[in-house]
Structures are given as C-alpha cells and as structure tokens.
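Breakdown of the fold
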Amino acid sequence: MKTLVIIFMMSTIILSQTYKAVNIKGEVKSQSGTEEIWKSVTEGSILKNDEVLVTGRKSSVQLVNNDFTFYLKEKSAVSISSIKRMSLDELLLALAMEDLINAPKKNGNGHSESTAVYGEDDSEDFPALDSGPFGIKRLNGARQLSESGLTESAIVFAKETYRKYPDTKSDPSYRIYFANILYNKSLYEEALVEYKEISKLDLNEKQRNEVSSAIENVKKVLMSN
C-alpha cells in the first residue's frame, strides 16, 4: 500500500513540459523514451518530457521555455523531465521512491535479489560523440542542474544515475558533491547514509578528511535534535 501511495503521489508532480533548443554548438543528440535511435538536435528543435539530451566534446546547447532557461555544457547528458523546480517535500518523496526501487526484492525462496541495472554503456551508439561513460555524462548534467539552482532535481537525477549505472557510485568526487547538497538542505539522515557509503570508497587524503569531518558534523547535528 505504501508503494502505491508513493507512486500515485509521484505521478501528480511529473508535469509535461517542453523545451526549445537554441544556440547549439557542436554535436547534440536526443533520444525519446520510446525509441532506441539517437537523433541530431537542430536549432529550434522542440524537446519533450520523455527525451534525454546528450552533448559531445566541445558541444553545448541552451534550452528555453516560458519559465526557465538551462544551459547544457559539453560531454553531459540530462533528461528533459529533470529540468524543473522541486519543493523539499517533492524531493523527499522522490528519494523515498528511489529507496523503494533499490530495495532488494525477495525471490520465491525468501532470498534477496539485487535490483541494480548492469547494462552496457549505450553512449557509443553514435561514435561521432566524444567517448566516455554515459553515466558520467549524466552526472555532469546533474551537477549543471544544481549549478542552475535546480538542486532538488539534481539530487534525484544523480540518484537515478547511480541506480541505472552502478559504476558511477565508485566516483567519490561526484558522491561527495551531491552528499554535500543533502547536508546543505538539512537532510542530515540522508546525507549521513551517503557519507558512510562514500567512506568505503578509494579516497585520497583530502577526500577522506572531508568525509570524516562531514560524518562527525552530521552526527553532532542529529544528536542535538
């Protein structure tokens, strides 16, 4: 029942939106959720809610609609549906949905089954684009969402990327960046979970000190509440 309630509530905040692509530089591609082919984006192209946008090396595009303008830089990817403002409550709801999706499912023998998606990188379907893991391009896009003020959407897009492209979870720089956003949003419990997971990664000395300090700070805040 809880799962159904969350899914219903999430469906009420997923609004249909379109963006016009302008000021295109280099090679920009899009893919609809119902198609497998990547198509070239040209000046004035209208991008719908179910499309994913990706840029190659030395490429960029500006997306505009009546309410917002978003600039996607080179070697980045973003879903059009993620370019939106979200409230803190909507963020918490989306995080709860991600937790439900990630929760291990029980098989007929009562054992847990992993829900991680280990598909091959599909970014090289168009070789003219610069090589590189598609998951990292998505994290670049998520960071640009945050830099554009869409921090809640950035967190959700990053979480979705970690689920769909599990290898991206091993990159501490991105993990720390988005964990810090959770902390700055006063989502201390969520941030603590992230910091603890990050502490298990292969960190350099600076990252290790930053994460250790963050864990201690979060614990102090939680104990004082």
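Residues numbered from 1 in each chain as written. Predicted model: local features only at pLDDT ≥ 70, side-chain atom pairs only at ≥ 80, totals over all residues. Heavy atoms only, no water.

Helix and strand content of the protein: seven helices and ten strands. Per-residue burial over the protein gives 42% buried out of 225 residues. Put simply, of all contacts in the protein between residues at least 6 apart along the chain, 59% involve residues at least 24 apart. (Helix = DSSP H or I, 4+ residues; strand = E, 2+ residues; numbered from the N terminus. Buried < 20%, exposed > 50% of the residue type's maximum accessible area, 1.4 Å probe, protein only. Contact = heavy atoms within 4.5 Å.)

This brings us to empty space enclosed by the protein. As enumerated under the stated definition, the model contains one cavity of 30 Å³ or more in all. Looking at the largest cavity, its volume works out to about 60 Å³. What lines the largest cavity is simply Ile155, Ala158, Lys159, Tyr162, Arg175, Phe178, Ala179, Leu182 and Glu194. Contributing elements (two or more residues each) for the lining of the largest cavity: helix H4 (151-164) and helix H5 (172-184). (1 Å grid on protein atoms, 1.4 Å probe; cavity = no way out; pocket = protein on both sides within 12 Å on 5 of 7 lines; lining within 4 Å. Points joined across faces, edges and corners; volume = space filled by probe spheres on them.)

With that out of the way, let us pick up the sheet that holds strand S2 (residues 28-32). The strand order S3-S2-S5-S8 describes an open sheet built from four strands, whose pairing is antiparallel. Here the strands that pair on one side only, and so sit at the sheet edges, are strand S3 (39-40) and strand S8 (77-79). Strand direction decides the pairing type here: S2 and S3, joined by two bridges, are antiparallel. Looking at S3, one finds that Lys29 is bridged to Ser40. Of the strands in this sheet, strand S5 (51-55) and S8 are in contact with helix H3 (residues 134-147), which crosses S8 at around 70 degrees. (Pairing = 2+ DSSP bridges. Axes fitted to C-alpha atoms, helices over the stretch in contact; angles between N-to-C directions.)

Note on sheets: strands pair through backbone hydrogen bonds, and any given pair is parallel or antiparallel. With antiparallel pairing, the four strands of this open sheet are ordered in space as S4-S1-S6-S7. Looking at which strands have only one partner, the edges of the open sheet turn out to be strand S4 (46-47) and strand S7 (69-72). With two bridges joining them, strand S1 (residues 19-25) and S4 adopt antiparallel strand pairing. Residue pairing for S4: Lys20 is matched across the bridge by Ile46.

Quick look at the pairing of strand S6 (residues 60-64) now. Bridge count between S1 and S6: four bridges; the pairing is antiparallel. Its bridge partner lying in S6, Lys20 is registered against Val64. One ladder, built from four bridges, connects S6 with S7; its direction is antiparallel. Paired with Val61 across the strands is Leu72, a residue of S7.

Within this structure, the stated rule accounts for eleven salt bridges. Glu98 is paired through a salt bridge with Arg163; the nearest N and O atoms lie 2.7 Å apart. In this pair, Glu98 is assigned in helix H2 (residues 88-102) and Arg163 in helix H4, connecting sequence segments 65 residues apart. Residue classification places Arg163 among the buried residues on the basis of a relative accessible area of 15%. Of the charged contacts in the structure, one is a salt bridge between Lys185 and Glu152, with a shortest N-O distance of 2.6 Å. Placement of Lys185 in the loop between H5 and helix H6 (188-198) and of Glu152 in helix H4 is noted, with a sequence separation of 33 residues between them. (Salt bridge = Lys/Arg side-chain N within 4 Å of Asp/Glu carboxyl O.)

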